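Fold and contact review
What follows is each chain in one-letter form.
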There are 2 protein chains.
Amino acid sequence: MTRRFRTAMTERLGIEAPVILAPMGGVAGGALAAAVTRAGGLGLIGVGYAKEDWIEQQFDAAGNTPVGIGFITWDLARAPARLDVALSRKPRAVMLSFGDASPFADRIKKSGAALIMQVQSLAGAKQAAALGADIVVAQGIEAGGHGADPGDGRSLLPLVPAVVDGVRPIPVAAAGGIADGRGLAAALVLGAGGVLVGTRFYAATESLGHANAKRRIAEASADATVRTRIFDTARAIDWPDEYTGRALVNDFARQWHGREPALQSAIETEKPRYLAAAAAGDTDTMVVWAGQGLDLIQEVLPAGEIVSRLLTEADRALSGVG
Amino acid sequence: MTRRFRTAMTERLGIEAPVILAPMGGVAGGALAAAVTRAGGLGLIGVGYAKEDWIEQQFDAAGNTPVGIGFITWDLARAPARLDVALSRKPRAVMLSFGDASPFADRIKKSGAALIMQVQSLAGAKQAAALGADIVVAQGIEAGGHGADPGDGRSLLPLVPAVVDGVRPIPVAAAGGIADGRGLAAALVLGAGGVLVGTRFYAATESLGHANAKRRIAEASADATVRTRIFDTARAIDWPDEYTGRALVNDFARQWHGREPALQSAIETEKPRYLAAAAAGDTDTMVVWAGQGLDLIQEVLPAGEIVSRLLTEADRALSGVG
């Protein structure tokens, strides 16, 4: 690893590569998290809406490789015993996103895990700093999966320097649309200590994502994503109003996006149809969460190779200008 | 100027600093454009909805300093004689944004002016390349003023490398939320040849913006901007559906954003009220277009000083990592 990749973030986390795996629910399992850690970064298991036994399984899958874990904060509040299960596995870090972190922050810090808090605004970053975040993840609306709604949400490039200035000296990780080493290099010159990468690792060999979804990610353009609530509505998952999710535009999105009340009215037939399609890996109907880095993702690769390329490309991008 | 700022874009435009003034309608006049050019960048007069005489006045204000000019393409189509007036002044470049450029592209290129085309997607960039653009401006939804609606629009950080790859070897300028040298440095490592900067120059001493608006820009946070149609509705300016404008949240936005049909119903009283407030420089009601780089803008400065700081800060950001 070159010196250029040693940052306040890598020092705080005790890692070599300034790359954190986004804890994508049901996609970032123990095998993927361990692969990212082994490549020098920090792998985070993505709990999503899963239960204790799934968390145990994924830590088992990570084996002896140190990994962390990430929760959806408002969902953790509904079944908080999952935090005990996670902390009993001595995670290197616990990441909280989307909701009120105050009931959990102190316990995480006292456990010895680094507290990573993801935010979507400058005001949110300052709240995270006040709660004792060890790392603040600044997430732009270009991110795949859930985040601030773009109507009033913030894009990453101007958000990062604002958050860096706002929470200094806490290290900041940039999240949203970063899929190659040029994005990593940009994050570093903006003052971030590294990046949190989702979609690119969704398409990793080791991810738990469906093979069909990985193929769609490798083929799609970011001109064709949408931020929407319909995939939460279809699954009857009650996300707080301020968050929507970015996904590939597919037949289901074309049918229902912008027609949420109609989808709600048809939910008795649409929910089972949706769930059956998801079980079958039918990407015309099931959600494929994806960020706007899609154009930069051409193939499914092992996670270690992805980390390695991110670093090589970032090195080249910085040397080309510097 | 250090070698690091010599790019394919600066070579093509014959400038020294990789900074283009966004042609903000009614804000980027001849004095501001000339100041940016004198500082080593390229100043563009922003026509907006103005007529021939205003264009002549602004070229006069620029004096002997070479500047360019930018049109709103769909509005230019309604009164295309303005292009003749502009070309008769031998602009260094003509920028077209928002609409079908095909009726104008050839004439601009034949005049000897560089053709700068602003786009909001990868598909748009490829169309601009096909029309012969000399420079493609990739505009993210964090930009102030008009652009793609964020519902399906693209953020800048992942858009730039996708457009760079998509139109190579045409130089790309990054636009949207870039307000300090860290943003310029990020654009360069993403592969852009430079940046197009709006809001930061809105708050320049030489800009035609109202002093009250400049003060609001220096004070506001980017947590408080909104993409909306209400300011176009209030002025009865008929923008195509796919574009909205980003502005500071003010009393007028709090009253009407999300209630466009109600505003339309009240237009007989709201339009004169709006126009009177705008004439009086009342920023609680009048629009202050602003991008998400707001947090990085603290004071009103001469444009030459802004360009100089952009370069110094970019140098520092690149050296800090590189």
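One numbering rule holds for all chains: residues counted from 1, following each sequence as written. Lettering for chains starts from A, numbering for ligands starts from 1, and both go in the order in which the items are written. In keeping with the predicted nature of the model, local features appear solely for residues at pLDDT of at least 70, side-chain atom pairs appear and are counted solely at 80 or more, and the whole-chain, interface and lining totals rest on all residues. Hydrogens and water molecules were not included; the side-chain quantities draw on all heavy atoms of the structure.

Quick look at the overall build of chain A now. Only DSSP runs of H or I reaching four residues or more are called helices, and only runs of E reaching two or more are called strands; each is numbered from the N terminus. In terms of helices and strands, chain A carries 16 helices and 11 strands. Using C-alpha atoms as the atom set, the radius of gyration is obtained and then compared with a globule rule of 2.2 Å times the number of residues to the power 0.38. Relative to a compact globule of 322 residues, whose C-alpha radius of gyration would be 20 Å, chain A shows 18 Å and is just as compact. The principal-axis extents of the C-alpha atoms in chain A amount to approximately 55 × 45 × 40 Å. Here chain A, with 322 residues, has 62% of them falling under the buried criterion. The criterion used for residue contact is that any of the two residues' heavy atoms lie within 4.5 Å. Considering only residue pairs separated by 6 or more positions, chain A has 63% of its internal contacts joining residues 24 or more positions apart. Burial classes follow relative accessibility: with a 1.4 Å probe on protein chains only, a residue under 20% of its type's maximum area counts as buried, one over 50% as exposed, and anything between as partly exposed.

Here we take up the interface of chain B and chain A. In this complex, chain B contributes 41 residues to the contact, which on the side of chain A involves 41 residues. By definition, the buried area sums, over both parts, the 1.4 Å-probe accessible area that each loses when the two are put together. Contact between chain B and chain A buries roughly 3300 Å² in total, counting both sides, with carbon and sulfur atoms accounting for 56%. A salt bridge links Asp223(B) to Arg154(A), with the nearest nitrogen and oxygen atoms 2.8 Å apart. Throughout this description, a polar contact denotes any pair of N or O atoms lying within 3.5 Å of each other; where both atoms belong to protein, one of them has to be capable of donating a hydrogen while the other can accept it, and for residues adjacent in sequence the pair is counted only when both atoms sit in side chains. At the junction of chain B with chain A, the criterion picks out 18 residue pairs in polar contact (both at pLDDT 80 or more). Elements with a minimum of two residues in the side of chain B that touches chain A: α7 (122–130), α8 (156–167), α9 (181–189), β10 (225–228) and α16 (303–321) of chain B. At seven residues, α8(B) tops the list of elements feeding residues into the side of chain B that touches chain A. Looking at the side of chain B that touches chain A residue by residue, the class counts come to 22 nonpolar, 10 polar and nine charged. Basic side-chain nitrogens of Lys or Arg form a salt bridge, by our definition, when they fall within 4 Å of a carboxyl oxygen of Asp or Glu. Three categories are distinguished: nonpolar for Ala, Val, Leu, Ile, Met, Phe, Trp, Tyr, Cys and Pro, charged for Asp, Glu, Lys and Arg, and polar for the others, with Gly belonging to the last.

Attention shifts here to the packing of helix α2 (residues 30–38) of chain B against helix α3 (residues 52–62) of chain B. Residue and element names in this part refer to chain B. Following both chains from N to C, one finds α2 and α3 inclined at 40°, their axes separated by 7 Å at the closest point. By the criterion of interaxial angle, the relationship of α2 to α3 is oblique. Helix-helix and strand crossings are classified by hand; for α2 and α3 the assignment is right-handed. On the side of α2, the interface is formed by Gly30, Ala31 and Ala34, while α3 contributes Gln58, Ala61 and Ala62. Looking at the contact of α2 with α3, its residues break down into four nonpolar, two polar and no charged. Under this scheme, a helix contributes an axis fitted over its contacting stretch, all axes are lines through C-alpha atoms, and angles between N-to-C directions fall in the 0 to 180 degree range. By the definition adopted for this analysis, an angle is roughly parallel if under 35 degrees, roughly antiparallel if over 145, roughly perpendicular if from 65 to 115, and oblique otherwise. Crossings are classed by handedness, with left-handed meaning an anticlockwise turn of the near helix from the far one by less than a right angle and right-handed meaning a clockwise turn.

Before going further, it helps to examine the relation of the copies chain B and chain A. With an RMSD of 0.0 Å, the operation that places chain B on chain A is a rotation of 180° combined with a shift of 0.0 Å along the axis. Both chain copies can therefore be described as sitting about a two-fold axis. For chain B, the residue whose C-alpha comes nearest the rotation axis is Ala186(B), separated from it by 2.2 Å. Most of the interface of chain B is mirrored in chain A, where 100% of its interface residues again form contacts. The atoms used to superpose the copies are C-alpha atoms, taken from residues with pLDDT of at least 70 in both, and the fit is least squares.

Turning to the side chain of Thr233(A), a few remarks are in order. Tracing the sequence through the fold places Thr233(A) in helix α12 (residues 230–235). Leave out the neighbours within four places in its chain, and Thr233(A) touches Leu263(A), Gln264(A) and Ile267(A).

In terms of nonpolar packing, the biggest core is built from 233 residues, with Leu13(A), Phe71(A), Ile116(A), Phe201(A), Phe71(B) and Phe201(B) touching the most fellow members. Residues contacting Phe201(A), with those up to four places away along its chain left out, are Val19(A), Leu21(A), Met24(A), Leu32(A), Val36(A), Ser207(A), Ala303(A), Ile306(A) and Val307(A). Joining through side-chain atoms within 4.5 Å is the link that ties buried Ala, Val, Leu, Ile, Met, Phe, Trp, Tyr and Cys residues into a set, and such a set is a nonpolar core.

A few words on the pairing of strand β6 (residues 135–139) of chain A. All names here are of chain A. With five of five residues buried, β6 is to be regarded as a mostly interior element. By the alternation rule, side chains of β6 split into Ile135, Val137 and Gln139 and Val136 and Ala138, which are all buried. The pairing criterion for strands is at least two bridges between them, as found by DSSP. The pairing of strand β5 (residues 114–119) with β6 spans four bridges and is parallel. Looking at β6, one finds that Gln118 is bridged to Val137. The pairing of β6 with strand β8 (residues 172–175) spans four bridges and is classified as parallel. Bridging from a neighbouring strand, Gln139 pairs with Ala175 of β8.

Turning our eyes to something else, we now look at helix α3 (residues 52–62) of chain A. Residues and elements named next belong to chain A. Buried within α3 we find Trp54, Ile55, Gln58, Phe59 and Ala62. All buried residues of α3 fall inside an arc of 135° around its axis, so they share one side. The inward-facing, buried residues of α3 abut α2 (30–38), β2 (44–46), β3 (68–72) and α5 (81–88). Of the residues one or two after α3, Gly63 is the one with positive phi, at around 65°. The arc refers to the directions leading from the helix axis to the C-beta atoms.

This part takes up the domain arrangement of chain A. Residues and elements named next belong to chain A. For chain A, the domain assignment lists domain 1 (3–209 + 297–320) and domain 2 (211–279). Placing the centre of domain 1 and that of domain 2 at their C-alpha centroids yields a distance of 24 Å. Tallying the contact residues gives 28 residues for domain 1 and 17 residues for domain 2. When the area that domain 1 buries against domain 2 is broken down by residue, the three leading residues are Trp74, His146 and Asp149, summing to 29%. Where domain 1 meets domain 2, there are zero salt bridges. Seen at the junction of domain 1 and domain 2, the total is 15 residue pairs in polar contact (both at pLDDT 80 or more). All domain edges in this entry derive from an automatic or database-based domain assignment.

All names here are of chain B. Its place among the elements puts Ile135 in strand β6 (residues 135–139). Along the backbone, Ile135 and Glu52 are 83 residues apart, and their C-alpha atoms lie at a distance of 25 Å. Filtering out sequence-adjacent residues up to four positions away, Ile135 remains in contact with Met9, Arg12, Leu13, Leu115, Ile116, Met117, Ile170, Pro171 and Ala173.

With that settled, consider the sheet that holds strand β11 (residues 243–248) of chain A. Residue and element names in this part refer to chain A. A sheet is described by the order of its strands in space; here three strands give the open sequence β7-β11-β10, paired in antiparallel fashion. The open sheet is flanked by β7 (145–148) and β10 (225–228), the only strands paired with a single partner. Each adjacent strand pair in this sheet contributes to an overall mean axis angle of 35°, direction not counted. By the bridge criterion, four bridges tie β7 to β11 in an arrangement that is antiparallel.

What follows concerns the packing of aromatic side chains. Working definition: a ring pair exists when centres of Phe, Tyr or Trp rings (six-membered ring for Trp) sit within 6.5 Å. Plane angles under 30 degrees give stacked, over 60 give edge-to-face, the rest tilted. One pass over the full model with this rule turns up 16 aromatic pairs over all chains. Relative to Tyr274(A), the ring of Phe231(A) has its centre 6.2 Å away and its plane inclined at 55°; by these criteria the two rings are tilted. With Phe231(A) in helix α12 and Tyr274(A) in helix α15 (residues 267–280), this pair connects stretches of sequence that are 43 residues apart. Comparing Phe231(A) with Tyr274(A), the two get one shared label, buried. With 5.1 Å between their ring centres and 80° between their planes, Trp74(B) and Trp239(B) make a pair best called edge-to-face. In this pair, Trp74(B) sits in helix α4 (residues 73–76) while Trp239(B) sits in the loop between α12 (230–235) and β11 (243–248), placing the two residues 165 residues apart along the sequence. Accessibility classification places Trp74(B) together with Trp239(B) in one group, the buried group. Each member of the aromatic cluster is reached from another via a ring pair, and the members are Trp74(A), Phe98(A), Trp239(A) and Tyr243(A).

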